[in-house]
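Residue-level listing of the chains:
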Amino acid sequence: MSCFARRACLTKVRQFSAVAGFTGAVGNTPLVRPRDPREPPHSCSTILGKAEFQNPGGSVKDRAAVGVLKPGGTVVEGTAGNTGIGLAHVCRDKGYKCVIFMPDTQSQEKIDLLRMLGAEVHAVPAVAYENPKNYNHLARDYAKSLDNAIWTDQFDNTANANAHYRTTGPEIWEQVNGKLDAFVCATGTGGTLAGVGRYLKEKSNGKTQVWLADPPGSVLTSYVSSGGKLVERSGSSITEGIGQGRITNNLGTFVDDLDGAFTVPDEKSIAMLYELLDSAGIYLGASSALNVVAAVELAQKLGKGSTVVTVLCDGAYRYQSRLFSKKWIESKGLTSAIPEHLKKYTVLP
């Protein structure tokens, strides 16, 4: 048994009075410590997860949605799903029309939820960013074709990173009382890592380390490790919405200040996803599980007694038809990665 045990503890979060609508409810999520405090203090370091799945739209991307949105008759975005869901919520709150372009490789749950929220969804073939048919370019071009429309451009609009610099970073720093050895998370747009990382570096006078965790198929670990050399993207991962084949404008604001990067195999991510469900009752998506694996490994690297924070991006309900399907798990070659005593959670055919 790892340090993830039978109950989750929440750090204190400031209490607020009533807030105004969906946008007012975004942020101020707790830090979760998914370990039993009865374990001896020397058994492991302190791993804390920012519970972004508790945002009203269900993910960390609610912050980006609020941060990049400007008034307009129609809001258009290219997204793997979660930013689009956040935008769809905000658009309902503000009375805007929402149009989403997304890769057709994303989960059906996310597509269905977007449509339930009133968004117009275009699921398009997944092609490289360099291809003019990439979902981001299609979103940009569609917005240009409309009157009174905006393309929010979550990948390269640095309002995304600034939203995390203004909110997520300060929340984490306050919740750990200014005592933090490291922060680590995976990145898609780069907004969370860059915004939080920049804030924590400034507040700690550079003492808090900031690391990037990468899924298989992404080029960011090699970019950081090689000192800035981009290689061609290859391979894939069970995770959605993280990993990159380029340096986005958001990530570009901070990538040179990273302390390091490493890749987390899908086998470790899926095993952690099931372990967190079983031992802590936390129902997380694969990118969140990857982040927890990364936090554990970074804490081991830093030594016992260290405190490491990561991001719990969203819940597993947006991916459950895949992550808990025997057939899907087998198709990805991950059956053996799930410990025998946890296979009871693979309840879908």
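On a predicted model such as this, the values are computed, not experimentally measured, just so you know.

A.B. asks: When you look at the confidence of the model for the protein in this model, what are you seeing that I'm missing?
C.D. replies: Low-confidence regions, as indicated by low pLDDT, have predicted coordinates that should not be scrutinised in detail. Per-residue confidence for the protein gives a mean pLDDT of 91, with 92% of residues at or over 70. Residue range residues 36–42 is modelled with pLDDT below 50. Its contacts to residues more than four positions away, or to other chains, number 13 contacts.

A.B. asks: What is the right way to look at the state of the cysteines in this model?
C.D. replies: Between two cysteines, a covalent bond joining their sulfur atoms is known as a disulfide. Taken as a whole and judged by the stated rule, the model has zero disulfides. A disulfide-free cysteine, Cys-91 has its sulfur positioned 4.3 Å from the sulfur of Cys-98, the nearest such atom.

A.B. asks: Before we go on, may I ask you to explain the environment of Leu-312 in this structure?
C.D. replies: Within the fold, Leu-312 resides in strand β11 (residues 307–312). Every residue in contact with Leu-312, bar those within four places of it in the chain, is listed here: Val-32, Gly-49, Lys-50, Ala-51, Glu-52, Phe-53, Leu-284, Ser-288 and Val-292.

A.B. asks: What exactly am I supposed to notice about helix α7 (residues 168–175) here?
C.D. replies: Helical periodicity: at 3.6 residues per turn, an α-helix aligns residues three or four positions apart in one direction. The buried fraction of α7 is high, at six of eight residues. Of all the positions in α7, only Thr-168, Gly-169, Glu-171, Ile-172, Trp-173 and Gln-175 are classed as buried. Following α7 by one or two positions, Asn-177 adopts a phi angle in the positive range, close to 55°.

A.B. asks: I would appreciate a short explanation of the packing of helix α2 (residues 61–68) against helix α3 (residues 82–94) in the present structure.
C.D. replies: Between two packed helices, the angle of one axis relative to the other and the distance separating the axes together describe the packing. Where α2 contacts α3, the axes come no closer than 8 Å and their chain directions differ by 55°. Taken together, the axes of α2 and α3 lie oblique to each other. Judged by the twist between their axes, the crossing of α2 over α3 is right-handed. Side by side, α2 and α3 meet where Lys-61, Asp-62, Ala-65 and Val-66 of the first sit next to Asn-82, Thr-83, Gly-86, Leu-87 and Val-90 of the second. A per-class count over the contact of α2 with α3 returns four nonpolar, three polar and two charged.

A.B. asks: Would you mind going over the environment of Asn-250 with me for this structure?
C.D. replies: Locating Asn-250 in the fold gives a position in helix α10 (residues 249–252). You can call Asn-250 buried: its relative accessible area is 0%. Considered as a pair, Asn-250 and Thr-189 are 61 residues apart in the sequence and their alpha carbons are 6.5 Å apart. Polar side-chain contacts of Asn-250 include one of 2.8 Å to the backbone oxygen of Phe-155.

A.B. asks: Help me understand the pairing of strand β8 (residues 182–185) in this model?
C.D. replies: Working note: regular strand, side chains alternate between the two faces of the sheet. Here β8 shows no split at all, with Ala-182 and Val-184 on one side and Phe-183 and Cys-185 on the other all buried. Inspection of the sheet shows β8 paired to strand β9 (residues 209–214) by four bridges, in the parallel sense. The partner of Val-184 across the bridge, within β9, is Trp-211. Between the parallel elements β8 and β9, the chain passes through helix α8 (residues 191–203) in a crossover that is right-handed.

A.B. asks: Help me out: how do you make sense of the sheet that holds strand β5 (residues 97–103) in this one?
C.D. replies: Within a sheet, each strand pairs with its neighbour through backbone hydrogen bonds, oriented either parallel or antiparallel. A sheet is described by the order of its strands in space; here four strands give the open sequence β6-β5-β4-β7, paired in parallel fashion. Every interior strand has two partners, whereas the edge strands, β6 (120–124) and β7 (149–151), have only one. Taken over all neighbouring pairs, the strand axes of this sheet differ in orientation by 15° on average, direction set aside. Looking at chain direction, strand β4 (residues 74–78) and β5 are connected through five bridges and run parallel. Counted as the bridge partner of Glu-77 is Ile-100 from β5. Across the face of the sheet, α3 comes into contact with β4 and β5 while running at roughly 170° to β5.

A.B. asks: Looking at this structure, I do not really get α8. What am I missing?
C.D. replies: Under the 1.5 Å per step criterion, the end-to-end length of α8 is 18 Å for 13 residues, consistent within 8% with the ideal 18 Å. In terms of burial, α8 is a largely internal element, 10 of the 13 residues being buried. Listed as buried for α8 are Gly-191, Thr-192, Leu-193, Ala-194, Gly-195, Val-196, Gly-197, Tyr-199, Leu-200 and Lys-201. Here the buried face of α8 lies against α6 (159–166), α7, β8, β9, α10 and β11. Just past α8, the residue Asn-205 takes up positive phi, approximately 55°.

Analysis parameters
- Residues numbered from 1 in each chain as written.
- Predicted model: local features only at pLDDT ≥ 70, side-chain atom pairs only at ≥ 80, totals over all residues.
- Heavy atoms only, no water.
- pLDDT = per-residue confidence, 0-100.
- Contact = heavy atoms within 4.5 Å.
- Disulfide = S-S within 2.5 Å.
- Helix = DSSP H or I, 4+ residues; strand = E, 2+ residues; numbered from the N terminus.
- Buried < 20%, exposed > 50% of the residue type's maximum accessible area, 1.4 Å probe, protein only.
- Axes fitted to C-alpha atoms, helices over the stretch in contact; angles between N-to-C directions.
- Parallel < 35°, antiparallel > 145°, perpendicular 65-115°, else oblique.
- Left-handed = near helix turned anticlockwise from the far one by under 90°.
- Nonpolar A, V, L, I, M, F, W, Y, C, P; charged D, E, K, R; others polar.
- Polar contact = N/O pair within 3.5 Å; in protein donor to acceptor, adjacent residues only side chain to side chain.
- Pairing = 2+ DSSP bridges.
- Right-handed = clockwise from strand over helix to strand, strands pointing away.
- Expected span 1.5 Å × (residues − 1).

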